[in-house]
Amino acid sequence: MAGNTAPFVPQASYRAEVKAQLLTKPIVVVPSVQIRRGRKHHNQGIEHARAERWKQALREFEEAVRCVPDHPSFHYAHGVALCRFDRFKEAIEAFQRELSITPGHAPAITEIGTCLARTGRTREGIPWLQKGLRQMPNMPLAQYSLGLALLTENRRKDAIDAFDRALMLDGSYADVYRTRGLAHAMDGNYEKSTDDLHAAAALDSKNYQAMLEVGTILNNQARDLQAGRLFEMAAKIAPDTALPQFIFGQFLINNRCFELGLTYVDRAIELDPLQAEPYVARGFGFLGQGRIDEAVACYRHAGELDPKSPNVAGTLLFALQHKPGVTEADLLEAHKKWAGLYRQQTPRDRFAFTNDANAERKLRIGLVSADLHRHAAAFLSLRAIEQLAALGHEIYCYKTDRKRQDDDFSERYKAVAKSWRDVSDLDDSALAALIAEQKIDVLFDLAGHTAGNRLSIFAMRAAPVQLSWAGYVGTIGLDTYDGIIADPVEIPPGHDVFYVEPIIRLPDCYVCYHPPVAAPDPGVLPFLKTGTFTFGCFNRPAKLNSEVARAWSKILKQIPDSRILMVYGGLNEKSTQEAVYKILESGGISRERVELVGETEQPKLLEAYAERIDLALDPFPYSGGVTTLESMWMGVPTVTLVGDTFAGRHAASHLTAAGLQEFCTYSIDAYVDLAVDWARRPEGLSTLRSELRKRVSTSPLNDQIRFGHNLSAVLMRLWSEWCMRRQHLMNSNASVH
């Protein structure tokens, strides 16, 4: 469910009432053979409908209208049967024929409105429903249908009024209680929502759908505890129904309860193995546990089940970045395939915007992101945005996920922004209209293919200049971006062919680091205190694989009694620990030489660097980004194997910008040798540890003024190019006319 828009889904009671109206419709008796045949088929159709034998009923109603095409009620019955098979276009035609025979037939009028709403044309359907109800207001089914349609259009107050009228007509209408409860929850009136859900539950003790829908609303509003309870109740009430098992399992996985979540998702797949979404959820569960091959297999199987879904195809893209052996060409192909499914309409002409084409003026810069808070993307972009504002550019922030809680970083974005808007509830058209109204010149995508993205806005072209930066690990795949911000290390010359977007290389590095403010002092090299050398890796388990494990195993064998400490959220879960141990054991590492700690809070991570880590080991092919920066800030250098992909060069970019190019290697043997060499020279590591924070703080990584000027110069160049090309087009058009 997107934003506060409710799905338009007729319920079982809806069908029951249609059938009741159908069965009570009087038959006009006309003394003729053809009429008698028509009546016979019609009555047989009614008998089949009573027994829920709708295929037979449809055949009989078809025969009835063939025998007597101008008989009242026959076409209405035929339309109702067609609706049972989602043949809504034909059903509308049947109801319209009924109206030509019986003008003002209120049930047929409301059914046309229902069919229009079912096919996504709710705005057209609402007037039909209202017209029918004006003529015959005592139809609780039609009142319910009207409420659903209004709710779909986000007209919550009007929808609740319609549900109220339906309940006045039928106080036992459980689905109305359920959906009105949903509407109240969307309005934030949780007390009324709970009351309605209790009423629905009293009428239908197995109504798991109510729990799922209200749980979804609560989940969207960051009321995770309440949402989780509702999802869990729904899964327990309907243990043999796939949907609640899948939704609860997905919820658990999203909250890093991978083991339990996979149990529910597996049950959903067992119950309904032909649905793609549970395989996607299973993929995320495996990804969280570091089981990358199994995750990729799940995403690919989901794609086979639903090959036309861009959302399913998109889930594979991020996972592929972690898989050993995947090439830049593989990634480009996968992203282009997704883009072909995703972009269903021609984007707006970038030179059709009416922005002031003055190449000298300061820019209006928009940020589209769910991560305008203490998030990795913000640690790489916030200071740059503050500097752009200091240079006179106007900043406009579009927060795309209300679940992300605002914090001190959010307040800093707000402080420099001319406008801050939570656009979670805005559909694409409304968000594009807002961006156009605010005359945004340059629109940054700080999410890419990550949670909370609004790629649809960029696909339709919402600003003259659109750029990808800091939120994703490579090409987006869409040709509506005018550039991806990088540097010569992150995307070396010659790699441009693997990106759909033009490459924009900043001179030093492609991000501006925001070091932790209250970080502890790096302190003494832990080895000098304990006598045990400890390697560290604080990256997520998804970045591990057998090749990494084999490399680490070679290192540990050459450094007696050395250990590896891994710290990451989710590592406190037993099955996740077991999955990580199996990956490491596949490379020859004994679990006795590895310690896994589940922790997400930055202060605890920094303390672990200070107190326990001597040297960091970067995973591959997906290298560390902010983890590498934090490690350096704590005096701990990282040994990295430089890859070919964007994801494989994060650490290399950061290390190079800090002047630590010597920690970049280009083969596994060199990676192993370098780690072993430094481990055998603790005095050298100790010296480097004592000076590394200062080196980072005085490097381009930490120079927001320098970075801001570099980024501003690039943006002004892009804007100048846009202005010149637009002026050239205007002159060309003028000369033609």
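Rules used in this analysis
- Residues numbered from 1 in each chain as written.
- Predicted model: local features only at pLDDT ≥ 70, side-chain atom pairs only at ≥ 80, totals over all residues.
- Heavy atoms only, no water.
- Helix = DSSP H or I, 4+ residues; strand = E, 2+ residues; numbered from the N terminus.
- Buried < 20%, exposed > 50% of the residue type's maximum accessible area, 1.4 Å probe, protein only.
- Contact = heavy atoms within 4.5 Å.
- Areas by Shrake-Rupley, 256 points an atom, 1.4 Å probe, with all protein chains shown as cover.
- Lys, Arg positive; Asp, Glu negative; His and termini not counted.
- Charge placed at Lys NZ, Arg CZ, Asp CG, Glu CD.
- Core = buried A, V, L, I, M, F, W, Y, C linked by side-chain atoms within 4.5 Å.
- Right-handed = clockwise from strand over helix to strand, strands pointing away.
- Pairing = 2+ DSSP bridges.
- Salt bridge = Lys/Arg side-chain N within 4 Å of Asp/Glu carboxyl O.
- Axes fitted to C-alpha atoms, helices over the stretch in contact; angles between N-to-C directions.
- Parallel < 35°, antiparallel > 145°, perpendicular 65-115°, else oblique.
- Left-handed = near helix turned anticlockwise from the far one by under 90°.
- Nonpolar A, V, L, I, M, F, W, Y, C, P; charged D, E, K, R; others polar.
- pLDDT = per-residue confidence, 0-100.
- Expected span 1.5 Å × (residues − 1).
- Arc of directions from axis to C-beta.
- Disulfide = S-S within 2.5 Å.

Colleague: Explain the overall build of the chain to me, using residue names and the numbers behind them.
Modeller: In terms of regular secondary structure, the chain is built from 32 helices and 13 strands. In terms of overall dimensions, the chain has C-alpha extents of about 110 × 70 × 45 Å along its principal axes. In the chain, buried positions account for 58% of the 737 residues. Put simply, 68% of the contacts in the chain that link residues at least 6 apart link residues at least 24 apart. If you sum the accessible surface of the chain, you get close to 30,100 Å²; carbon and sulfur atoms cover 51% of it. For the chain, the separation between the mean place of its 85 positive charges and that of its 89 negative charges on side chains is 4 Å.

Colleague: Talk me through the nonpolar core; I want residue IDs and the actual numbers.
Modeller: By size, the foremost hydrophobic cluster in this structure holds 186 residues, and its most contacted members are Phe444, Trp469, Phe535 and Trp552. If one sorts the elements of this core by residue count, helix H32 (residues 704-736) sits on top with nine residues. Excluding anything up to four places from it in sequence, tryptophan 552 contacts Cys537, Leu544, Ile564, Met566, Leu584, Ile589, Leu617, Asp618 and Tyr671.

Colleague: Can you lay out the pairing of strand S8 (residues 534-537) for me, pointing to particular residues and giving the numbers?
Modeller: Burial along S8 is two-sided: Thr534 and Gly536 facing one way and Phe535 and Cys537 facing the other are all buried. Handedness of the crossover is the feature at issue here: the chain leaves S8, passes through helix H25 (residues 546-558), returns alongside strand S9 (residues 563-567), and the resulting connection is right-handed. Across two bridges, the pairing between S8 and strand S11 (residues 615-617) is parallel. Within S11, the residue paired with phenylalanine 535 across the bridge is leucine 615.

Colleague: Tell me about the pattern of salt bridges, residues and numbers included.
Modeller: Taken as a whole, this structure holds 42 salt bridges when the rule is applied. Here aspartate 425 and arginine 402 are joined by a salt bridge, their closest N and O atoms 2.0 Å apart. Of this pair, aspartate 425 sits in the loop between strand S3 (417-422) and helix H22 (428-437) while arginine 402 sits in the loop between strand S2 (394-399) and helix H21 (408-416); the two residues are 23 residues apart in sequence, bridging distant segments of the chain. Through salt bridges that share partners, Lys399, Asp406, Glu411 and Lys414 make up one connected network.

Colleague: Explain the sheet that holds strand S6 (residues 483-486) residue by residue, including any values.
Modeller: Spatially, S3-S2-S1-S4-S5-S6-S7 is the arrangement adopted by the seven strands of the open sheet, whose pairing is parallel. The open sheet has two edge strands, S3 and strand S7 (503-505), and neither has a second partner. Strand-to-strand twist across the sheet, computed as the mean angle between neighbouring axes with direction ignored, equals 25 degrees. Taken together, the six bridges between strand S1 (residues 364-369) and S2 define a ladder with parallel strand orientation.

Colleague: Give me the packing of helix H6 (residues 106-118) against helix H7 (residues 122-135): which residues, what numbers.
Modeller: Close contact between H6 and H7 brings their axes to 7 Å; oriented N to C, the two are set at 160 degrees. Considering their axes alone, H6 and H7 lie roughly antiparallel with respect to each other. Crossing handedness for the pair H6 and H7: left-handed. In this structure, H6 uses Ala106, Ile109, Thr110, Ile112, Gly113, Thr114, Leu116 and Ala117 to contact H7, whose residues at the interface are Thr122, Glu124, Gly125, Trp128, Leu129, Lys131, Gly132, Leu133 and Gln135. Grouping the constituent residues of the contact of H6 with H7 by class yields eight nonpolar, seven polar and two charged.

Colleague: Residues and numbers for the confidence of the model for the chain, please.
Modeller: Of the residues in the chain, 93% have a pLDDT of 70 or more, and the chain-wide mean is 91. Confidence drops under a pLDDT of 50 for residues 1-20, and excluding neighbours within four residues, the segment shows 62 contacts in the predicted structure. Every residue in residues 22-30 scores below 50 in pLDDT, and together they form 22 contacts with partners more than four places removed in sequence or on other chains.

Colleague: Give a description of the environment of valine 597 that names residues and reports values.
Modeller: Looking at the element boundaries, valine 597 is found in strand S10 (residues 594-597). Judged by its relative accessible area of 27%, valine 597 is partly exposed. Each C-alpha atom of the pair valine 597 and phenylalanine 538 lies 9.5 Å from the other, and the pair is 59 residues apart in sequence. Apart from the residues within four sequence positions on either side, valine 597 is in contact with Leu565, Met566, Val567, Tyr568 and Leu571.

Colleague: How would you sum up the sheet that holds strand S12 (residues 638-641)? Please name residues and give values.
Modeller: Hydrogen bonds between backbone groups are what pair the strands of a sheet, and the pairing can be parallel or antiparallel. In spatial order, the strands read S10-S9-S8-S11-S12-S13; together these six strands make up an open sheet with parallel pairing. At either margin of the open sheet sits one strand with a lone partner, and together these are S10 and strand S13 (664-665). Here helix H26 (residues 574-586) sits on the sheet and contacts S9 and S10; the angle it forms with S10, its principal contact strand, is near 150 degrees.

Colleague: Describe unusual backbone geometry, and please don't skip the residues or the numbers.
Modeller: Omega for the bond connecting phenylalanine 620 with proline 621 falls within 30 degrees of zero, at 10 degrees, which places this linkage in the cis form. Phi at serine 73 is positive, roughly 80 degrees, even though this residue is not glycine. With respect to the secondary-structure elements, serine 73 resides in the loop between helix H3 (54-67) and helix H4 (74-83). By relative accessible area, which is 1% here, serine 73 ends up buried.

Colleague: Any details on the packing of helix H14 (residues 242-254) against helix H16 (residues 276-288)? Residues and values, ideally.
Modeller: Contact geometry of H14 with H16 gives a least axis separation of 10 Å together with a crossing angle of 25 degrees. It follows from the interaxial angle that H14 and H16 lie roughly parallel. In the packing of H14 onto H16, the handedness of the crossing is left-handed. Counted together, Phe246, Gln250 and Ile253 of H14 and Glu277, Pro278, Ala281, Phe284 and Gly285 of H16 form the full contact between these two elements.

Colleague: Mind laying out helix H2 (residues 33-50), listing which residues take part and the relevant values?
Modeller: With 18 residues, H2 should reach 26 Å at 1.5 Å per residue; the first-to-last C-alpha distance of 26 Å fits that figure. Within H2, burial applies to Ile35, Gly38, His42, Gly45, Ile46, His48 and Ala49. Looking down the long axis of H2, one finds its buried residues gathered within 165 degrees of arc, a one-sided arrangement. Downstream of H2 by a residue or two, glutamate 52 has a phi angle that is positive, lying close to 60 degrees.

Colleague: An account of the environment of phenylalanine 353 is needed here, citing residue identities and associated values.
Modeller: Looking at the element boundaries, phenylalanine 353 is found in the loop between helix H19 (328-342) and S1. Each C-alpha atom of the pair phenylalanine 353 and alanine 436 lies 8.2 Å from the other, and the pair is 83 residues apart in sequence. Apart from residues no more than four positions distant in its own chain, phenylalanine 353 is found in contact with Arg348, Arg461, Ala462, Ala463, Pro464, Trp722 and Arg726.

Colleague: Please set out the state of the cysteines residue by residue, giving values where relevant.
Modeller: Under the defined criterion, the tally for this structure stands at zero disulfides. No disulfide involves cysteine 298; its sulfur sits 19 Å from that of cysteine 257, the nearest cysteine. By relative accessible area, which is 6% here, cysteine 298 ends up buried. This cysteine, cysteine 509, is not joined by any disulfide, and cysteine 512 carries the nearest cysteine sulfur, 7.2 Å off. Cysteine 509 sits in the buried class, given a relative accessible area of 1%.

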